[in-house]
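Structural description and commentary
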Amino acid sequence: MELYYSPMACSFAAHVICHELGQPPKLHRVHLRQQSLADGSDYKAINPTALVPTLVLESGDKITETVAVLSYLADQAAPGQLAPKPGTPAFYHHLGWMAFINTELHKRIFHLIFWPGDDEDAIRKARALAPRRLDQLEDHFADRPFLMGDRFMAGDAYLLWWLMLTRTAGIDLAQFPRLRSYLKAGLARPSVASAKSAEDHDAVVTASS
């Protein structure tokens, strides 16, 4: 598999799940603001939306959008390993959590903070919304180590990515001890360390080439 990514963008979640599968992808770094690849070519020729992630399969098929990419990757594992078994209520609960992360955390908060233009009011509103969403998550983790219980799944990779960037986004986790513990445990996962190392190395190589 080939993964078009930008360092520490939401594509990081897909990168982590590739490592959970034991299938490190071939990486292609995308410069999001320039909508270009490392060699200067137009990324829109790969993905017309110019967003990451884009997952290219051996067949040449391309899968885009984080929730779709994570769902596909989870389906490559044994049933119940990286997503609940299809057709079960848990399967749809997991899908619901990924949709929540995508809409309520990723787009409603991070999109405004990291792509704000000159709109400081939008940044303030996004940061003000964050504690309400974090309260919901803090309550959810009262009786479970991961989103769906005792097993790290695709949705956890997405949530972990979001939590990893809260400090950069100016969002304080001090009042959320369960989420801090969740983040600490997630950062210790070999798949997370491997993905971060690969992206850091690729960024350095690209910058120096």
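Our structure's up above, just so we're on the same page.
For the structure given in this document, a descriptive report is provided here.

Rules used in this analysis
Residues numbered from 1 in each chain as written. Predicted model: local features only at pLDDT ≥ 70, side-chain atom pairs only at ≥ 80, totals over all residues. Heavy atoms only, no water. Phe/Tyr/Trp six-rings, centres within 6.5 Å; stacked < 30°, edge-to-face > 60°. Helix = DSSP H or I, 4+ residues; strand = E, 2+ residues; numbered from the N terminus. Buried < 20%, exposed > 50% of the residue type's maximum accessible area, 1.4 Å probe, protein only. Lys NZ or Arg CZ within 6 Å of the ring centre and 35° of its normal. Pairing = 2+ DSSP bridges. Right-handed = clockwise from strand over helix to strand, strands pointing away.

1. Quick word on the packing of aromatic side chains
One pass over the full model with this rule turns up 9 aromatic pairs. With centroids separated by 5.4 Å and ring planes inclined at 80 degrees, the aromatic side chains of Trp97 and Phe100 adopt a geometry described as edge-to-face. Placement of the pair is Trp97 and Phe100 together in helix H3 (residues 89-114), with a separation of 3 residues, close to one helical turn. In this structure Trp97 comes out as buried when scored by relative accessible area, which is 19%. For Phe100, a relative accessible area of 16% corresponds to the buried category. Here the aromatic rings of Phe110 and Trp161 are separated by 5.7 Å at their centres, their planes lie at 85 degrees, and the arrangement is edge-to-face. Placement of Phe110 in helix H3 and of Trp161 in helix H5 (residues 154-164) is noted, with a sequence separation of 51 residues between them. Grouped by ring-pair contacts, the aromatic residues Phe110, Phe114, Tyr158, Trp161 and Trp162 constitute a single cluster. One residue, Arg33, lies across the ring of Trp115, its end atom 4.4 Å from the ring centre.

2. Side note on the pairing of strand E1 (residues 2-5)
Summarising the sheet, E1 and strand E2 (residues 26-31) pair through 4 bridges and their orientation is parallel. Looking at E2, one finds that Tyr5 is bridged to Arg29. At this point the chain moves from E1, through helix H1 (residues 11-20), to the parallel E2, and the crossover so formed is right-handed. Across 3 bridges, E1 lies against strand E4 (residues 54-56) in antiparallel orientation. Its bridge partner being in E4, Tyr4 is matched across the sheet by Thr54.

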